Each structure stands twice: as structure tokens, then as C-alpha cells.
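Notes for the structure review
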There are 2 protein chains.
Amino acid sequence: MISDKRAIQDITQLLYAKGVYHVIITPGSRNAPFSISFFENRNFDVHSVVDERSAAFIALGLAQQSDKPVALICTSGTAALNFSPAIAEAYYQEIPLIVITADRPMEWVDQGEGQTINQSGVFRNFVRSSYDIIQDLNDKDFEWYNARVMNEAIDKAMHPVRGPIHLNFPLRESLYKTIDAPLEEVKVIERVERSIQLEPETVKELAREISLKKKVMILVGQFHTEHYTLSKLEEWAKLPNVVVFTESHSGLESPLFVGCIDRMIMTVTQEQLEFIRPDLVIGIGKNIISRKIKGLLRSNRVEHWYVGEDALLMDTFQRLKKIVPVAADYFFEAIGSQLCVPDSDYNRTIMAWNATKQQLAIQYAEHAKFSDLTVCKEVLKAIPDNSRVQMGNSSIARYIQLFDRNSSLRFSGNRGVSGIDGCTSTAVGAAYVYEGLTTLITGDLSFLYDSNAFWNEFVTDRLKIIIVNNGGGGIFRIIEGPPSTQALEKFFETSHQRNGSYLAQEFKLAYFSASNEEDLKIGLDKLFASLGCSILEVFTPRMANDEVLRDFFDFIKENS
Amino acid sequence: MISDKRAIQDITQLLYAKGVYHVIITPGSRNAPFSISFFENRNFDVHSVVDERSAAFIALGLAQQSDKPVALICTSGTAALNFSPAIAEAYYQEIPLIVITADRPMEWVDQGEGQTINQSGVFRNFVRSSYDIIQDLNDKDFEWYNARVMNEAIDKAMHPVRGPIHLNFPLRESLYKTIDAPLEEVKVIERVERSIQLEPETVKELAREISLKKKVMILVGQFHTEHYTLSKLEEWAKLPNVVVFTESHSGLESPLFVGCIDRMIMTVTQEQLEFIRPDLVIGIGKNIISRKIKGLLRSNRVEHWYVGEDALLMDTFQRLKKIVPVAADYFFEAIGSQLCVPDSDYNRTIMAWNATKQQLAIQYAEHAKFSDLTVCKEVLKAIPDNSRVQMGNSSIARYIQLFDRNSSLRFSGNRGVSGIDGCTSTAVGAAYVYEGLTTLITGDLSFLYDSNAFWNEFVTDRLKIIIVNNGGGGIFRIIEGPPSTQALEKFFETSHQRNGSYLAQEFKLAYFSASNEEDLKIGLDKLFASLGCSILEVFTPRMANDEVLRDFFDFIKENS
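Residues numbered from 1 in each chain as written. Chains lettered and ligands numbered in written order. Predicted model: local features only at pLDDT ≥ 70, side-chain atom pairs only at ≥ 80, totals over all residues.

**Some thoughts on the overall build of chain A**
- On a plain count of helices and strands, chain A comes out with 22 helices and 19 strands.
- Rg of the C-alpha trace for chain A: 25 Å, near the compact-globule value of 24 Å for 560 residues, within the 12% margin.
- A buried classification covers 58% of the 560 residues belonging to chain A.
- Considering only intrachain contacts with a sequence separation of at least 6, the fraction spanning at least 24 residues in chain A is 75%. (Helix = DSSP H or I, 4+ residues; strand = E, 2+ residues; numbered from the N terminus. Rg over C-alpha atoms; globule rule 2.2 N^0.38 Å. Buried ≥ 20, exposed ≤ 12 C-beta atoms within 10 Å, placed from the backbone. Contact = placed C-beta atoms within 7 Å.)

**Details of the packing of helix α13 (residues 346–367) of chain B against helix α22 (residues 545–559) of chain B**
All names here are of chain B.
- The geometry of α13 relative to α22 is characterised by a closest axis approach of 9 Å and an angle of 135° between their N-to-C directions. Between α13 and α22, the angle is such that the two are oblique. α22 is crossed by α13, and the crossing has right-handed handedness. Here Lys357, Leu360, Ala361 and Tyr364 of α13 come into contact with α22, specifically with Phe552, Phe555, Ile556 and Asn559.
- Taken together, the residues of the contact of α13 with α22 sort by class into 6 nonpolar, 1 polar and 1 charged. (Axes fitted to C-alpha atoms, helices over the stretch in contact; angles between N-to-C directions. Parallel < 35°, antiparallel > 145°, perpendicular 65-115°, else oblique. Left-handed = near helix turned anticlockwise from the far one by under 90°. Nonpolar A, V, L, I, M, F, W, Y, C, P; charged D, E, K, R; others polar.)

**Thoughts on the interface of chain B and chain A**
- Contacts between chain B and chain A engage 63 residues on the former and 63 residues on the latter.
- Elements with a contribution of two residues or more to the side of chain B that touches chain A: α2 (32–39), α4 (78–82), α5 (84–93), α17 (444–449), α19 (485–492) and α20 (501–506) of chain B.
- Taken together, the residues that form the side of chain B that touches chain A break down as 28 nonpolar, 25 polar and 10 charged.

**Considerations on the sheet that holds strand β13 (residues 320–324) of chain A**
All names here are of chain A.
- With parallel pairing, the 5 strands of this open sheet are ordered in space as β10-β9-β11-β12-β13. Each edge of the sheet is formed by a strand with only one pairing partner; in this case those strands are β10 (242–246) and β13. In this sheet, neighbouring strand axes are inclined to one another by 20° on average, regardless of whether the strands run parallel or antiparallel.
- Examined bridge by bridge, strand β9 (residues 216–220) and β10 share 5 bridges and lie parallel to one another. Within β10, the position partnered with Leu219 by the bridge is Phe245. (Pairing = 2+ DSSP bridges.)

**With respect to helix α21 (residues 517–529) of chain B**
Residues and elements named next belong to chain B.
- With 13 residues, α21 should cover 18 Å at 1.5 Å per step; its first-to-last C-alpha distance of 18 Å lies within 8% of that length.
- When we look at burial in α21, the residues that qualify are Leu520, Gly523, Leu524 and Leu527. Along α21, the residues classed as buried sweep out an arc of 100° about the axis, all on the same side. When the buried face of α21 is taken as reference, the exposed residues oriented beyond 90 degrees from it are Glu518 and Ala529. (Expected span 1.5 Å × (residues − 1). Arc of directions from axis to C-beta.)

**Looking at the nonpolar core**
- Residues Leu72 and Ile98 of chain A together with Leu72 and Ile98 of chain B are the most contacted members of the largest nonpolar core, which totals 344 residues.
- In contact with Ile98 of chain B, not counting residues within four places along its chain, are Val20, Pro69, Val70, Ala71, Leu72, Ala153, Ile154, Ala157, Ile165 and Leu167 of chain B. (Core = buried A, V, L, I, M, F, W, Y, C linked by C-beta atoms within 7 Å.)

**Brief notes about the relation of the copies chain B and chain A**
- Mapping chain B onto chain A calls for a screw motion: a turn of 180° about the axis and a shift of 0.0 Å along it, with 0.0 Å RMSD after fitting. Expressed as a symmetry operation, the mapping of one chain copy onto the other fits a two-fold axis.
- Comparing contact sets, 100% of the residues at the interface of chain B also lie at the interface in chain A, consistent with an isologous, same-surface contact. (Least-squares fit on C-alpha atoms with pLDDT ≥ 70 in both.)

**Side note on the sheet that holds strand β9 (residues 216–220) of chain B**
Residues and elements named next belong to chain B.
- The 5 strands lie next to each other as β10-β9-β11-β12-β13, forming an open sheet whose pairing is parallel. Taken across any chain shown, the strands that pair with only one partner, and hence form the sheet edges, are β10 (242–246) and β13 (320–324). Across this sheet, the average inter-strand angle for adjacent strands is 20°, counted without regard to direction.

**Describing the domain arrangement of chain A**
Residue and element names in this part refer to chain A.
- By domain assignment, chain A separates into domain 1 (2–175), domain 2 (200–351) and domain 3 (368–559).
- Computed over C-alpha atoms, the centres of domain 2 and domain 3 are 29 Å apart.
- If you look at the interface, domain 2 gives 17 residues, while domain 3 gives 19 residues.
- When the residues that make up the side of domain 2 that touches domain 3 are grouped by side-chain class, the tally is 4 nonpolar, 9 polar and 4 charged. (Domains from an automatic or database assignment.)

**A word on the pairing of strand β17 (residues 463–469) of chain A**
Residues and elements named next belong to chain A.
- The element β17 is extensively covered by neighbouring structure, given that 7 of its 7 residues are classed as buried.
- Residues Leu463, Ile465, Ile467 and Asn469 of β17 are buried on one face, and the alternating residues Lys464, Ile466 and Val468, pointing to the opposite face, are buried as well.
- In this structure, strand β16 (residues 438–443) lies alongside β17, joined through 6 bridges in parallel fashion. Residue Thr442 lies in a different strand from β17, and its bridge partner there is Ile467.
- The parallel pair β16 and β17, bridged by helix α17 (residues 444–449), forms a crossover whose chirality is right-handed.
- Sheet analysis places β17 next to strand β19 (residues 534–539), joined by 6 bridges and oriented parallel. Note that in β19 the partner of Lys464 across the bridge is Ser534. (Right-handed = clockwise from strand over helix to strand, strands pointing away.)

**Remarks on unusual backbone geometry**
- With omega at -5°, the peptide bond leading from His159 of chain B into Pro160 of chain B counts as cis.
- Residue placement: Pro160 of chain B occurs in the loop between α6 (140–156) and β7 (164–170).
- With omega at 5°, the peptide bond leading from Glu173 of chain B into Ser174 of chain B counts as cis.
- The phi dihedral of Lys508 of chain A is positive, around 55°, even though this residue is not glycine.
- Among the secondary structure elements, Lys508 of chain A is positioned in the loop between α20 (501–506) and β18 (510–514).

**Here's the deal with the environment of Ser412 of chain B**
Residues and elements named next belong to chain B.
- Mapped onto the secondary structure, Ser412 falls in strand β15 (residues 410–413).
- Looking at Ser412, the number of C-beta atoms within 10 Å reads 22, which means it is buried.
- The spatial distance from the C-alpha of Ser412 to the C-alpha of Ser250 is 8.1 Å, given a sequence separation of 162 residues.
- For Ser412, the residues in contact, after removing those within four places along its chain, are Gln64, His249, Arg388, Gln390 and Ala430.

**Digging into the environment of Val341 of chain B**
Residue and element names in this part refer to chain B.
- With respect to the element layout, Val341 can be found in the loop between α12 (328–336) and α13.
- A C-alpha to C-alpha distance of 56 Å links Val341 and Ser48, two positions 293 residues apart in sequence.
- Val341 has contacts with Ser211, Leu239, Pro240 and Asn241, leaving out every residue within four places of it along the chain.

**Some thoughts on the environment of Leu72 of chain B**
Residues and elements named next belong to chain B.
- On the secondary structure map, Leu72 appears in strand β4 (residues 70–74).
- A count of 30 C-beta atoms within 10 Å places Leu72 in the buried class.
- Setting aside its immediate chain neighbours within four residues, Leu72 contacts Ile24, Ala55, Ala56, Ala59, Phe83, Leu97, Ile98, Val99 and Ile100.

**A short note on the pairing of β7 of chain B**
Residues and elements named next belong to chain B.
- A large share of β7 lies buried, amounting to 7 of its 7 residues.
- Strand direction decides the pairing type here: strand β5 (residues 97–103) and β7, joined by 7 bridges, are parallel. In the sheet register, Ala102 faces β7, and the bridge partner there is Phe169.
- Alignment of strand β6 (residues 130–132) against β7, held across 3 bridges, turns out to be parallel. Pairing of Tyr131 across the sheet is with Leu167, part of β7.

Here it is as C-alpha cells:
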């Protein structure tokens, strides 16, 4: 059974032909032709989610972990606008989302009809492209146009750089008429795979330039890892003039890398900092969590090459000199074989510092006051091997980067725009597609914000949630802050007395809590032993967290 | 204490000078200069709300009931996007909102910085105007520009038609520096009051045209009532060739009007319907809830005049012939005195039908099965005099129009776009500014959707909430529907087992429930006798509601 509308038949066929499997449809009547058409179509996994904001973040999670485009369909009006935060996050995180909005026919916009706004290009600031589908196919060219832009749209979600696209479907009544099968086969324009390489002379030239540098830093931010990048990068990490700095959401963990950037940079002397500052930074991946490394690299001494397909010209350190628009694994292989490495103590020195600081961090944390920092350390230790981890935004994402991470884990987080608005929903979607365990580590504000995250069919037993409840936005006590304590509490930290137990109760999730070391350990055991999706809420002292963090850096600095 | 940034000093002074009192600031660091500047400023009532979506709907409620612009301020990134649904609703409901977004300086957009998106014009599809403020005042013209557009923006929220405007403030660090008082007084451009009138010949001509019509319908949709409109309109409602049809959110209630449009139109014969169809419809106000009246008026026989300032040329019935861009009260007074009314039985006949149907509706409801319909009748009876009522969207808004309403009540609802996304938050804001009681009547989906509505300081004891829980989107059983029952339940109705008790418990609101007539009466007594903000949840039979509604219309039709 499928809608009698040709455009709906076309998009349904095309989504299947182009490998889309997950479809989320939010309730409504204008999008009825979609609901009817997808409802019994076994080619797709289709679910309904009521809150569109949450729905879109779930779609983001599905797409992030499956690395396939996910279709997200809503009715007309403000429904579409509720998708916006997740679409913007997908844009900057480079996640493929096919956003489909049902609309009134254009001639009825602004005429006082219900659930009608001007939807044309409404996401234009944060999608790869927007398209308006033609409703009335009274010319053969219109059929051609529709099929063509649908092909283009789905392709653009993946190529050349992943991201969200928007298809707006004006639909005239009747919305509920169906036929047994599509009347015509849609035109599928295939997209042949290609390989992107550099000219041999370019490879030679780049290798030569790198070979001249005494200090080369490879810095990996948020990254869609291909497995083979790791081993390639490990080869580079053995070169005397190279160090590899990786962030948690790079997906690249190795004892040969510096995985705790802030722990390194915050605990060295000014002289050592100058030593760390590279001649050349080779950046791969997207957003960087560490502000300190950005500060270090924004210096005249540094030259920055960006390796990867670039949707936006992102000159993060204001020192961008070269864009090398090829895949990272190709780059490291092709260039690596031609390097002629100079003598340098860059790698040896920094990795020695790193080893010392790693020990000191553990040593400090063992005796530190119960706080966000010690909780994050314990949590990282407790997460089972081969899990995936979703990081909530703000302070959590920063604490996670202070301790060495189990290399079998893969970390993700909404660091494209770093909003606190959809971290739980993203984790719900992510856990649904990953066959192993997914652990969300989130702050209290972020968790409470996304309070409709469990109102859907995606919640799986494989999702475990740890709320680090420091009674407000802890981040504001660790960054440069406001002058008045009252203003801090009201407008920045947003201190509160809430907790996650009510949501757990409502959605029948097991709930454990802890407010000291011992209960935390018991709580973590229970959490990971529990059969269903469950929550461990850890209460940390709001007023002590920033102090512990400062002491942590001081201790390492003084003793290294 | 105020931020050291000139633009912040200017807007703070201007908002005060132009009569803005309510300010909502959502947490964040980029908007710190605002938080710091408003925090101790006694000229404003300033509150923090964490969930930006809810915050914006609260602002909408504040502005709707105070009829003054409300300032709504957020940090950069997806925070702003969460404002979108309420801004779109404000645009179509004509509610004055001053939306202020803090932003990174333009040169840092798309450079991998946290919480940064392209905010310039991001709401352009649904605001009156968008402005980018200049950060660096290195030219005198820039100061002039900033002050000028701030004046324009605040004025545009009110004149000539109320609506939302957007001011985007790029702000460079440091964000926390303050001084004692503004360095310079901002330039305030005053806006003198004016009166808008018609030429005497026009008045004469319009009066002449109306006097030639045997059947004139005055139809009032959503309307910002001025009190004197009612008595003017009541004079017109006594004319033989005129009937006044009003909807719940017109704010105009009188025994001389037909206030239950669907009850009239759904229960007449085809012949009677033809009689009701006017020669001329004079429309005032905005969105119309009744689909039936729209259908009736979309006929070649009808001529439509729109009276009021028009931001959009809204030809709701496709019969728009004349726009009379003056205030309704002026129109009815000026034209009314010059009418030379023809003989007609239009008024007498329709008002007689209306009286009969009014009796029959009560008669039916007295013996009807407990359902959405009987609940709405009881609730309307129980709401104390001089209250304000907020209507949730979908079926609730339609049921409310079936029974005559207490004329001391004032009804509002988010009928601009008719989304279900922020009805509770809007009610929270509305109740905060109205000194009497405010009752929200909402559906279950709408209530559960807006689950962060109580997470703020605006929740007042004067707010009473009635949830009509029919286990899903009841609207889909009363409008033209989907072919399969399973599809209906999953993608349209979204049937569920949830209720509002958990939210009540979490936010410490008294909670009562009822699932039969008797308990409903007791529940309503308790609700209105309770001291705090409290909730009465009424469970109605999901499968029976549509049947009762159909029987209601059948009964009236057969017996009138």
C-alpha cells in the first residue's frame, strides 16, 4: 500500500535504492501520505516519535553510528522548526540526515490555514541544500525535476561531505488515498565510487616539506574513523619529529598518542609549552574540544595543513596554509612511505612527559576528594570493553579528556555545535543501532533538558546512562566567569535541586544513585549488570568541583 | 552594574525607554553581557529558563496577556534554534517578541568554535525583521546604525502590526567586564501615536454597499480585543441583515452572537446552509478554528472584506475583495452610524436556530456518555468568572467551540500555527501576568510534549491545568482519517499509556484525576479550591469520543 501521490512513490523508492533504512516519522496529518506509504514497507525500519526535537536527535544518533543517511519526516508548521537544533548539529558534525517536511501547497501559505508557515528554505543556514518538490506533475519536465533533485538530495547527504539536506513536499488534499504499488519506477541515478588521490609530484613535495620540519603535530578532532587510519597513524607516531594528539571523539586511541591534551598543556612550564608548539600542525577531523590547544596553535610560528574533504574552509587556528582534500588514511599512507625524517627529540620528549603526567593523574585521582573529576575517572574505568560512549556537553566532555581512555571504546558527542539540547536522544538513537553497549555520560542540565528522550520505541536495554549531577552547569565554575556569585548561580550555572529519578520512574528505567566513592563503585556494578536501560545518577559537590580540578592540574605541574 | 559593551548598554536603555518590562534570559556564556546587565536592573522583571523552547513560549504567554513586547535573550548556537517554534507562533498570532541572540563575531562563524552557527537571518521566514548589530564601533556611523536599528526593531514588534523581531548581537570576548553605568545615553527615537481613519466618502460608500446586502456575516477569528469593540459589535448584531459569528479566541462573547459556529453549521440542512451563506462577510481578527465556516465561505456567492491592519494579505476564503486597513472598533462605529438597513430575516432566522441548537446541545450533553465532549462542557461550566482560559491545540480547541461560553472569560490559544509544542509553557507565561485565575485546558499529547514547562520561576498559584487524556491525538478520529487502524494508532493518534502524574510529582504540583462524571465534578471543585498551581487529569475513552461527537451533531440536527 502506498500513497497515490507520485512524489511520495518516488522518494520511497529512491530512499530504498540509495540504501536508507532508518525512517522516523513524527505524528501529523499533512505528512499522512508518508506515514501510509512507509507503514507497511518492509524495506525500512520505521518508527514514530512525538517530540520532533527529540526525534531529530534520535535520527542523528542513528546516522552517526550507522554512517548511513537517516530519513526524518514531519508534518507542516512548527513541527519542522523543532527539527532545527539537531539539523544544525548534524551540519557541523557532518552527519547524513534526509529531512523531509510535508507542507501545504505553496498557494495556501500565509492564508490563515492551521500548521502552515513558510517552509521553503527554512533550514537554509544549516543544511547542505534545500529543495522544494513540485506537487502537480502537469508537465513531463516536472517529473524529471522531482526525480533529479531527490537523487541529488540523497547523494548530497553523503557526498562529498556528509550532512543534512532538506526536501520540502507541498501536498494537496486528499492525503489518505492509496494504491497497491507505485505506478512507475523512479529514475535512479547511480553514483559510481571514485578514488581521490594526489599527483605523485604533490606527494613528493608534501613529504619533502614535512621532512624538513623538526616538530610536526598531528591533531585529530571529531572524526569518522576508518579502522585502518589507526595503524597508519601509529606508524607516524613513531617518527622522531612527530607527535599525535587525539581527542576523545576522534575515535583514535593508542598508547603512542597523547590522548589527554589539556592534561599536557595545563601542566607544563612556559618553556615546555614553547617546545610543544609545533612548526607544522596536520589537522584531521572536525571540531576540537580543547581550548588550550587552539590557543597554543594560534601563533605565527605554526603552519597548519588540513587533511580531508572540506565542506567549509575551517581555519580553526588562523594559521591554515594548505588544504589537502583527500582521505586521512590515504594521506598518511602515501606521504608516510616517502618521508625522510630529520633528527628530532620532539616525539621522545613529549611522550616522556606524557607518561609521567599519566602516572601523576592516576596518583592524584586516587586520593582526590569525591567530585566530577574522580567520578569521571571511575566511570571511564568501569565502562565495559568494546562499548560505545556518548558524551554529554559542557564539563563532562572536558573531564573525559583528562584520563587515558580504554582503546576498545569509541567516543562520540554532539560537538558540532555543542548544544545541551539533545544529548540523551542522540544516545538513544546511537544505542539502537550499535549491537554492543552504549554508555551516555551526561551532566544534569543536559539530561533534564532533553526530558522527552525516552518517549519512543528506540530505547534499548543496551543503553546505560550516567548522570553526573553537580547541581547546575559546572562548566561556568571552570571557565572564565561572571563577577557576581548570585548572577553565576541564576544565569550561568542555573543551580537547581532536580534529579533524574522522576524520569526514570515514569519510563520504568532502573535507577541507582551515589554520592560517594563507595556507592559509586556499587552503582557502576549495578548499572552494567542491570538487564534493561538504566540510570546511575552521581551527585557531586557543586562548590568543590572546580577546586579539585585546579588542584589536579597544580599537582601534576608541581610533580612532573 | 552593566556590561562594558556599548551595544548592550544601548539595548538595555532602549528596552526600558520603549516600555519593555519582562525579560527572559536562557543560560549560557556568550550572552553573559546581557545576564550581567539585566541581573540587578530594577527596571525589568528578569528570569532564567533553561529549556529555550519552553522559554520562548513563556515569553509568548507574557506578551499575549500583557500586550507589551517581551525580550527573550539566548546564547549562541542551537539555543537560538530552540526559540523557533514560539517565534513562528508569535508571527502568525501577532504577538510582540524582541528576540535577542548572542553570537560569536562574524569572522569566527564556521571555524570550529563551540556553539556557533550562522545566526544571521536565521528566523527570516517568520519574523517581521532581522538585524545584525555591529560589534566594533570604530566609526561614528556604526553607533548611529546600532541605535537606529534597535529603535526600529523594538517599534516593529508593535507597529503597525505586532510580531516578533530578531536582533543578533555578535559579541567578542571578554564577556564579563562591567562598568557602573552606561557611558552614554542612547538615542531614543520616539514614535508619536496616530489615529487611522477613512475618508468621509469612503465611509459613505462602504455603508452604502453594506446597506444593499441582505445577508452580512461578521466573522471574528483570533483577536486582540479592545473592550469597546464588543458594544459596537452588539449594535451591529441587532441589525436585521447582520449576524455576528465569533470564535472562542476572539475575546468577544455575547448572547447576540453565534459563538458556536460548528454547532450551527454541522446541524443544518443543505437548504438552511445556503441561507446562512452570506452575500458579504466582514472578517476581523486572524486565524479561524472552524474548518466548516471556511468551507461555507469559499463560494462564488460570497464577497469578503477584511477589516484591520494587514501584515500579510490573507485571503482565507479566496473571496477577498476589499481590505479596510483600520481598527475594527473605528470601522464599526464610523460605518454603523451611516447604515441604511434593508429589510431582511437573516439575523432573526439564524439567531432563532441558534437558540434552539443551544438548548439541544445542553439537552444532549446531559445524557451523553462520559467523553471529551461532556468533559469540555463540564469544564466550561466550572471555570470561575473573570478567568482567562488557555486552550491546548487539536481536538480541545474544537470541543470548546461547541458550548456557549461564560462571557466573563477570555480565551486564548496558540492558533497562529496550531502546533502542540508549547501550550503549557504559554499558559505558564500567561498566568504569570494575569492577576486572576488562568485555566489551561489541554490534550494529553500536547501536555506531555511540553514537559519542561514547569522548570522555571514563572509557575504561579493562579494557574490551573486540566488535561483531557484520551490516550493519544483524538483529533485524528474526528477528521478525515487514514485507512488502516494500525497506522492510525501508530502514526496519527500516537496512542500511549502515559499520564501527567509524574510531572506533577516532580514539580510538586497537586494532582487530581477523574474518569467518570462524578469524579470530574469533585476534581473540578478540588482543582479550583486548591491553593497552588495544580492539575486535574481527566481520562476519557479513546474509542468512544468520536462516536459521541457524531451523535451530538446528529441529535441536534434531527431535533431542530
